[in-house]
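For reference, the chains in residue letters:
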Amino acid sequence: QAIDLTERQNNFDISVTVVLPDDNLLLLSDQNISVSIEINPVTISRQFDDIPVEVLGLAGNYEAEISPSSVSVLVSGPQAELDALEAKDVRVALDLNGLLPGNYTLAPGVSLGQGQIILETFSLLPAEVDVQIMGDATSVPEASTSARRE
């Protein structure tokens, strides 16, 4: 017996009658079986290019140069949610809170929409950006010139 999936969006169990392909075959027990159906959304990937890297947490007396200043974000998740996602919903931010003047290689964070989007994976291209923080070195000791933060 065929199982109708029309209008089905969630997992379900159903009891169906076994239809044998040949009248000469016999079942030794009940002709009904229980079938468990798992329904998952179609998963796709989309790439958003030239997303600007925002700077967060930089002290007021410092300046930062970021290279590159924009990245590509590759997102995988449910097709319905990714079809609705626009480039303006993709935000890439670099947290510089507490960092002193110096050179760093950092991995930016990604947020999508208003946090309502549940995604399977995302990745950045490039995965890390180079940051040079400059400022008044007389008031704050300078950090190592080749520090790495992850």
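Keep in mind the model is a prediction, meaning the values are calculated, not measured. (Residues numbered from 1 in each chain as written. Predicted model: local features only at pLDDT ≥ 70, side-chain atom pairs only at ≥ 80, totals over all residues. Heavy atoms only, no water.)

**Student:** Sorry, what's going on with the pairing of strand S10 (residues 129-135) here?
**Tutor:** With 6 bridges joining them, strand S4 (residues 62-67) and S10 adopt antiparallel strand pairing. Across the sheet, Ser67 pairs through a bridge with Asp130, a residue of S10. (Pairing = 2+ DSSP bridges. Helix = DSSP H or I, 4+ residues; strand = E, 2+ residues; numbered from the N terminus.)

**Student:** How do you make sense of the nonpolar core when you look at a structure like this?
**Tutor:** Proteins that are soluble and globular tend to have nonpolar side chains buried together. Ranked by internal contacts, the top residues of the largest apolar core, which has 23 residues, are Val73, Val92, Leu94 and Val131. Those elements that place two or more of their residues in this core are strand S3 (43-56), S4, strand S5 (70-78), strand S6 (90-95), strand S7 (102-106), strand S8 (109-112) and S10. (Core = buried A, V, L, I, M, F, W, Y, C linked by side-chain atoms within 4.5 Å. Buried < 20%, exposed > 50% of the residue type's maximum accessible area, 1.4 Å probe, protein only.)

**Student:** Explanation requested: the pairing of S7 in the structure shown.
**Tutor:** Consecutive residues of a regular strand have side chains that alternate between opposite faces of the sheet. Across the two faces of S7 the burial differs, with Gly102, Tyr104 and Leu106 buried and Asn103 and Thr105 not buried at all. Here S7 pairs with S10 via 5 bridges, running antiparallel. Within S10, the residue paired with Leu106 across the bridge is Val129.

**Student:** What is the right way to look at the sheet that holds S3 in this model?
**Tutor:** Whenever strands of a sheet pair, they do so through backbone hydrogen bonds, lying parallel or antiparallel. Spatially, S8-S6-S3-S5-S9 is the arrangement adopted by the 5 strands of the open sheet, whose pairing is mixed. Since the sheet does not close on itself, it has two edges, and those belong to S8 and strand S9 (121-125), each with one partner. Mean inter-strand twist for the sheet, computed between neighbouring axes without regard to direction, equals 30 degrees. In the sheet, S5 pairs with S9 via 5 bridges, with the strands oriented antiparallel. By the bridge assignment, Val73 is partnered in S9 with Leu124. (Axes fitted to C-alpha atoms, helices over the stretch in contact; angles between N-to-C directions.)

**Student:** Can you walk me through the side chain of Ser72 in this structure?
**Tutor:** If you trace the backbone, Ser72 turns up in strand S5. A distance of 2.7 Å separates the side chain of Ser72 from the side chain of Asp49, its partner in a polar contact. Among all residues touching Ser72, those that are not within four sequence positions of it are Gln47, Phe48, Asp49, Asp50, Ser123, Leu124 and Leu125. (Polar contact = N/O pair within 3.5 Å; in protein donor to acceptor, adjacent residues only side chain to side chain. Contact = heavy atoms within 4.5 Å.)

**Student:** Sorry if this is basic, but what is going on with the confidence of the model for the protein here?
**Tutor:** In regions of low pLDDT, the predicted coordinates are not meant to be interpreted in detail. Looking at the protein as a whole, the pLDDT averages 84, with 85% of positions reaching at least 70. At the low end of the mean pLDDT range in the protein sits strand S11 (residues 147-148), at 45; at the high end sits S7, at 96. The low-confidence segment residues 139-150 (pLDDT under 50) makes 23 contacts with residues lying over four places distant or belonging to another chain. (pLDDT = per-residue confidence, 0-100.)

**Student:** Just checking my understanding: could you explain the pattern of salt bridges for this structure?
**Tutor:** Where side chains of opposite charge bring their charged atoms close, a pairing between them can arise. Scanning all chains against the criterion turns up 2 salt bridges. Close ionic contact of Glu54 with Arg91 constitutes a salt bridge, the shortest N to O distance being 2.9 Å. Here Arg91 lies in strand S6 and Glu54 lies in strand S3, a separation of 37 residues in the sequence. Residue classification places Glu54 among the partly exposed positions, given a relative accessible area of 31%. With a shortest N-O distance of 3.8 Å, Asp89 and Lys88 are connected by a salt bridge. Residue classification places Asp89 among the partly exposed residues on the basis of a relative accessible area of 22%. (Salt bridge = Lys/Arg side-chain N within 4 Å of Asp/Glu carboxyl O.)

**Student:** I'm lost on the environment of Ala84 in this one. Help?
**Tutor:** With respect to the helices and strands, the residue Ala84 is situated in helix H1 (residues 79-84). Distance in space between the C-alpha atoms of Ala84 and Gly113 is 9.9 Å, their sequence separation being 29 residues.

**Student:** Hey, could you run me through the side chain of Ser76 in this one?
**Tutor:** With respect to the secondary-structure elements, Ser76 resides in strand S5. In terms of polar contacts, Ser76 uses its side chain to reach the side chain of Ser45, at 2.7 Å.

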